[in-house]
Amino acid sequence: MYYRHDLDIKYPEKSDEHMICVKRKRTVVLDENYPYVPKSAWFKFKRVIYWLLLNLIVFPLMLVTHGLKIYGKENLKKHKKELKNGAITISNHVFMWDYLCVLKAIRPRLAFFPAWKDNLEGGFGGAIRLSGGVPIPTESHRAMIEFKKAMDGLFKQKKWVHFFPEGSLWFFYPDIRPFKKAVFKYAVKYDKPIIPISMSFRKRKGLLKLFGKTPMIDMHIGEPIFANKELSIKEKEEDLHKRAYHLMQVQNGINKGDKTYNDNPFISQDEYKKTM
């Protein structure tokens, strides 16, 4: 389960620093008038078509290109009753298609997720929106208020929302980086279960070597975790943060006592020491 590749990849110094540089194809203005979660019938129709294309083309293709294997889907079925009012999924952010892997794991649900604005300005901006990307504004306080209203609306509508709590994509990084706090605040505020989904790797073998040198993907779906009702709001957030971070490491085969196990779930992005 725990495989460390030997690819020549240089990781950033800060754990939430981006590795990719998006080639801008369009300009997206995120102000207070931007439709962070479009409500038009046309957009909803396009999402249905997009979902069909994912199932017919993209999901089968991922089996070929990345050898995707999903473990733990029974944890979703077992807790179907607790998840009927919506849920928060979290995962490490390790390659370009990882969110689509999450969609394959939780189908037939089509989730939403906070998205980096730069990605919407690239060539896949339209697909990201149809995938459920809700762009995060950074330059306007009023825009941020509207973004938060849109996110609040998703939780109130019992939608599934995915977060990459590490904050940025690091290609095929095998260990779990520090988590930002926002996801746990949402979980407590709206009393939503958190489903930890981790991605680990295995060596590319056989005919799959024809499709590249990057490692194959194993996805692990953990049991949902719930806030401890006996704690204060802040304590609930910290407890969820701690348990989720520990579980994500264990799911990837990284246990207490291992060299790369991080005992401190609250370490800052600046203080984290990268392991590769």
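Residues numbered from 1 in each chain as written. Predicted model: local features only at pLDDT ≥ 70, side-chain atom pairs only at ≥ 80, totals over all residues. Heavy atoms only, no water.

Details of the environment of Arg109
The criterion, for reference: Only DSSP runs of H or I with at least four residues qualify as helices, and only runs of E with at least two residues qualify as strands; both kinds are numbered from the N terminus onward. Working definition: with a 1.4 Å probe on protein chains only, accessible area under 20% of the residue-type maximum means buried, over 50% means exposed, and in between means partly exposed. A 3.5 Å cut-off defines polar contacts: any pair of N or O atoms within that distance qualifies, except that in protein one atom must be a possible hydrogen donor and the other a possible acceptor, and neighbouring residues in sequence count only when both atoms are side-chain atoms.
Residue position: Arg109 is located in the loop between helix 4 (98–106) and strand 3 (113–115). Classification of Arg109 as partly exposed rests on a relative accessible area of 26%. Sequence spacing of Arg109 and Trp160 is 51 residues, and the spatial spacing of their C-alpha atoms is 7.5 Å. At a separation of 2.8 Å, a polar atom in the side chain of Arg109 contacts the main-chain carbonyl oxygen of Ile106.

Looking at the confidence of the model for the protein chain
Quick reminder of the rule: The pLDDT value expresses, per residue, how confident the predictor is, ranging between 0 and 100.
Averaged over every residue, the pLDDT of the protein chain is 93; residues scoring 70 or more account for 100%. Mean pLDDT across the secondary structure elements of the protein chain bottoms out at helix 5 (residues 117–120), with 84, and peaks at strand 2 (residues 88–91), with 98.

Quick look at unusual backbone geometry
Omega for the bond connecting Arg107 with Pro108 falls within 30 degrees of zero, at 20°, which places this linkage in the cis form. Notably, Phe172 is not glycine yet its phi reads approximately 55°, a positive angle. Turning to its location among the elements, Phe172 is positioned in the loop between strand 5 (161–163) and helix 8 (182–189). Within the chain, Asp191 stands out as a residue other than glycine whose phi angle is a positive 50°. For Asp191, the location among the structural elements is in the loop between helix 8 and strand 6 (194–202).

Observations concerning a nonpolar patch on the surface
Put simply, the rule is: Each patch is assembled from residues with relative accessible area greater than 30% and no salt bridge, linking like charges that lie within 9 Å and nonpolar side chains (Val, Leu, Ile, Met, Phe, Trp, Tyr) that lie within 5 Å. Each accessible area is a Shrake-Rupley estimate made with a 1.4 Å probe; only the visible protein chains count as cover when residues are assessed. A side-chain nitrogen of Lys or Arg and a carboxyl oxygen of Asp or Glu constitute a salt bridge if their distance falls within 4 Å.
Taken together, Trp42, Phe45, Val48, Ile49, Leu52, Leu53, Leu56 and Ile57 make up a surface patch of nonpolar side chains, about 830 Å² in accessible area. Position of Phe45 among the secondary structure elements: in helix 1 (residues 41–66). Residue classification places Phe45 among the partly exposed residues on the basis of a relative accessible area of 47%.

Description of the pattern of salt bridges
Inspection of every chain in the model, using the stated rule, returns 13 salt bridges. The salt bridge involving Asp16 is made with Lys180; its shortest N-O contact spans 2.8 Å. With Asp16 in the segment before helix 1 and Lys180 in the loop between strand 5 and helix 8, this pair connects stretches of sequence that are 164 residues apart. Note on Asp16: relative accessible area 21%, which makes it partly exposed.

Describing the environment of Pro135
Here is the rule: When checking whether two residues touch, look at their non-hydrogen atoms; a contact exists if any pair is within 4.5 Å.
Position of Pro135 relative to the elements: it lies in strand 4 (residues 133–135). Residues Pro135 and Val161 lie 26 residues apart in sequence; the distance between their C-alpha atoms is 13 Å. Aside from chain neighbours lying at most four places away, what touches Pro135 is Leu30, Tyr34, Tyr36, Ala115, Leu120, Arg129 and Phe147.

Examining the packing of aromatic side chains
Quick reminder of the rule: Only centres within 6.5 Å qualify two rings of Phe, Tyr or Trp (six-membered ring in Trp) as a pair; their planes then separate them into stacked at under 30 degrees, edge-to-face at over 60, and tilted for everything else.
Counting across every chain of the model gives 15 aromatic pairs. Arranged with centres 5.1 Å apart and planes meeting at 65°, the rings of Tyr34 and Tyr36 form a pair that is edge-to-face. For Tyr34, a relative accessible area of 18% translates into the label buried. Relative to Phe201, the ring of Phe172 has its centre 5.7 Å away and its plane inclined at 65°; by these criteria the two rings are edge-to-face. Separated by 29 residues along the polypeptide, Phe172 in the loop between strand 5 and helix 8 and Phe201 in strand 6 bring together distant segments of the chain. Like Phe172, the residue Phe201 is buried in the burial classification. Ring-pair connections join several aromatic residues into one group, and the members of that group are Phe155, Phe163, Tyr186 and Tyr190.

Brief notes about the sheet that holds strand 5
To be explicit about the condition: Should DSSP find at least two bridges between two strands, the strands are regarded as paired. Axis angles are defined between N-to-C directions and span 0 to 180 degrees, where every axis is a line fitted to C-alpha atoms and, for a helix, only to the segment in contact.
Strands sit in the order 1-7-6-2-5 across an open sheet of five strands; the sheet is mixed. Whereas interior strands pair on both sides, the edge strands pair on one side only; in this sheet they are strand 1 (69–71) and strand 5. Each adjacent strand pair in this sheet contributes to an overall mean axis angle of 25°, direction not counted. One ladder, built from three bridges, connects strand 2 with strand 5; its direction is parallel. Within strand 5, the position partnered with Ile90 by the bridge is Phe163.

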